[in-house]
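Observations on the model geometry
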Amino acid sequence: MTMTNKVIPYGKQNISQHDIDAVVDVLKSDWLTQGPKVPAFEQAIADYCDVNFACATNSATSALHIACLALGVGESDIVWTSPISFVASANCALYCGAKVDFVDIDLDTGNMSPGELEQKLISAKKIDSLPKVVIPVHLAGQSCDMKAIYELATKYGFKIIEDASHAIGAKYLDKSVGNCDYSDITVFSFHPVKIITSAEGGMAVTNSQTLDKSMKRLRSHGITSNPDEMTEPSHGPWYYQQIDLGFNYRMTELQAALGLSQLKKLDQFVAERNKLANIYTNEFKNLPISHLHQSSQSYSSYHLYIIRLTGDAVKKHKELICSLREHNITSHLHYIPIHIQPYYQALGFKKSDFPNAIEYYHSALTIPLHPKLTNLEQDYIIKTIIEFL
Ligand SMILES: *Cc1c(COP(=O)(O)O)cnc(C)c1O
């Protein structure tokens, strides 16, 4: 059965005329960068998430890097994250010269397992190698069990950065992911494949003014124009000081205008994603397929629709992904466990270090989900999978 020769992508941006007009307006304005749109986007995200401060960056990767630096991550430190994530969740610690380690996932949700985290903390404490920062990743848009992780942070004294690259618009305990009730900093991505886009872009939100100030310096060369942060009185109106070693991680006005315009549709996008996800969940009921278990404490933004093959069907995992692609349905795999990447293998990780992540890798696949997916396309995807199995 083929429906069309058009390839159905696993995810896709949704750009309206309003988005286009917003970007064109910026092109006609005086400011292409460092103008009013970036602070307006930051304020809008802070308001949406009910958090005090927001720092826009040119990517979530940059946001993760400066979030680690603002929390003081350096050469003698250790950062833990999930092996089932995009490599950026771990690389950010290596950029700071720190060591990285992983906490295995809960196979039901694909998220960092608080039980595994506690066991690993108990062992690490004995050998005096506790992490400085833990980075839970909200896989596919469902929040991790942040209350449990936060309780462990209080007990063992680590900081938390939520990698919410998938989870803008999601809720945890009826509140927006990003309110930082259970973390120091939360990071979002606005890459085109994510829930809302600024083409490239990221945001680090926090309730701490100190962390926010530090991140805002680090995204712009470590420079400050604020006399209160300077080591001596200003020399004059031209004066600024570099007080940290920062970067150019700034978001442009074009990106911020697009992000601001997209934010207006965030709730609608997430509602549409949930609707389509529920159809998948119902249609696959009697198949050897399991879904990422959805906790009653959370409302997922469904950045991805991930299924896992169960029983004997696991043997046909690769075959299914290839078959879907032959049917013009882009199936993907989120993610290859980070610790089996050659770069991480060279750091000494063994494949068997995180057995749940490996089991997940051999059974999980992503099928298309985005607000522009039509009913016809979704039916075709469902039928193709049912026929295969
Ligand atoms: C997309 C993604 C990132 C990186 O986002 P960019 O904005 O592309 O830098 C980091 N972590 C996770 C979990 C992601 O999915």
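Look up a bit, the structure's there.
Residues numbered from 1 in each chain as written. Predicted model: local features only at pLDDT ≥ 70, side-chain atom pairs only at ≥ 80, totals over all residues. Heavy atoms only, no water.

**Some remarks on helix 9 (residues 266-283)**
- Between its first and last C-alpha, helix 9 extends 26 Å over 18 residues, near the 26 Å set by a 1.5 Å rise per residue.
- Taken together, the buried positions of helix 9 are occupied by L266, F269, V270, R273, N274, L276, A277 and Y280. (Helix = DSSP H or I, 4+ residues; strand = E, 2+ residues; numbered from the N terminus. Expected span 1.5 Å × (residues − 1). Buried < 20%, exposed > 50% of the residue type's maximum accessible area, 1.4 Å probe, protein only.)

**Focus: the side chain of H138**
- With respect to the element layout, H138 can be found in the loop between strand 4 (133-135) and helix 6 (146-156).
- Other than its neighbours up to four places away in sequence, H138 contacts N111, S143, C144, M146, E162, D163, A164, H166, A167 and V177. (Contact = heavy atoms within 4.5 Å.)

**Observations concerning the environment of Y10**
- Inspection of the secondary structure puts Y10 in the segment before helix 1 (17-27).
- Using a relative accessible area of 17% as the deciding quantity, one classes Y10 as buried.
- A sequence separation of 30 residues divides Y10 from A40, and the C-alpha atoms of the two residues are 31 Å apart.
- Residues contacting Y10, with those up to four places away along its chain left out, are V193, L304, T330, H332, H334, T366, I367, P368, L369 and H370.
- A polar atom in the side chain of Y10 sits 3.4 Å from the side chain of H334. (Polar contact = N/O pair within 3.5 Å; in protein donor to acceptor, adjacent residues only side chain to side chain.)

**Here's the deal with the environment of G11**
- You can see G11 is positioned in the segment before helix 1.
- Judged by its relative accessible area of 15%, G11 falls in the buried class.
- It is 7.6 Å that separates the C-alpha atoms of G11 and L304, two residues lying 293 residues apart in sequence.
- Those residues in contact with G11, other than ones at most four positions away along the chain, are V193, L369 and H370.

**Observations concerning a nonpolar patch on the surface**
- Residues I15, I20 and V24 make up a contiguous nonpolar surface patch of about 200 Å² in total accessible area.
- Residue placement: I15 occurs in the segment before helix 1. (Patch = residues over 30% accessible without salt bridge, like charges linked within 9 Å, V, L, I, M, F, W, Y side chains within 5 Å. Areas by Shrake-Rupley, 256 points an atom, 1.4 Å probe, with all protein chains shown as cover. Salt bridge = Lys/Arg side-chain N within 4 Å of Asp/Glu carboxyl O.)

**Some points on the sheet that holds strand 6 (residues 171-172)**
- Ordered in space as 7-6-13, the three strands form an open sheet in which the pairing is antiparallel. Each edge of the open sheet is held by one strand with a lone partner, namely strand 7 (175-176) and strand 13 (298-299).
- Sheet topology note: the strand 6/strand 7 ladder contains two bridges and is antiparallel. Within strand 7, the position partnered with Y172 by the bridge is K175. (Pairing = 2+ DSSP bridges.)

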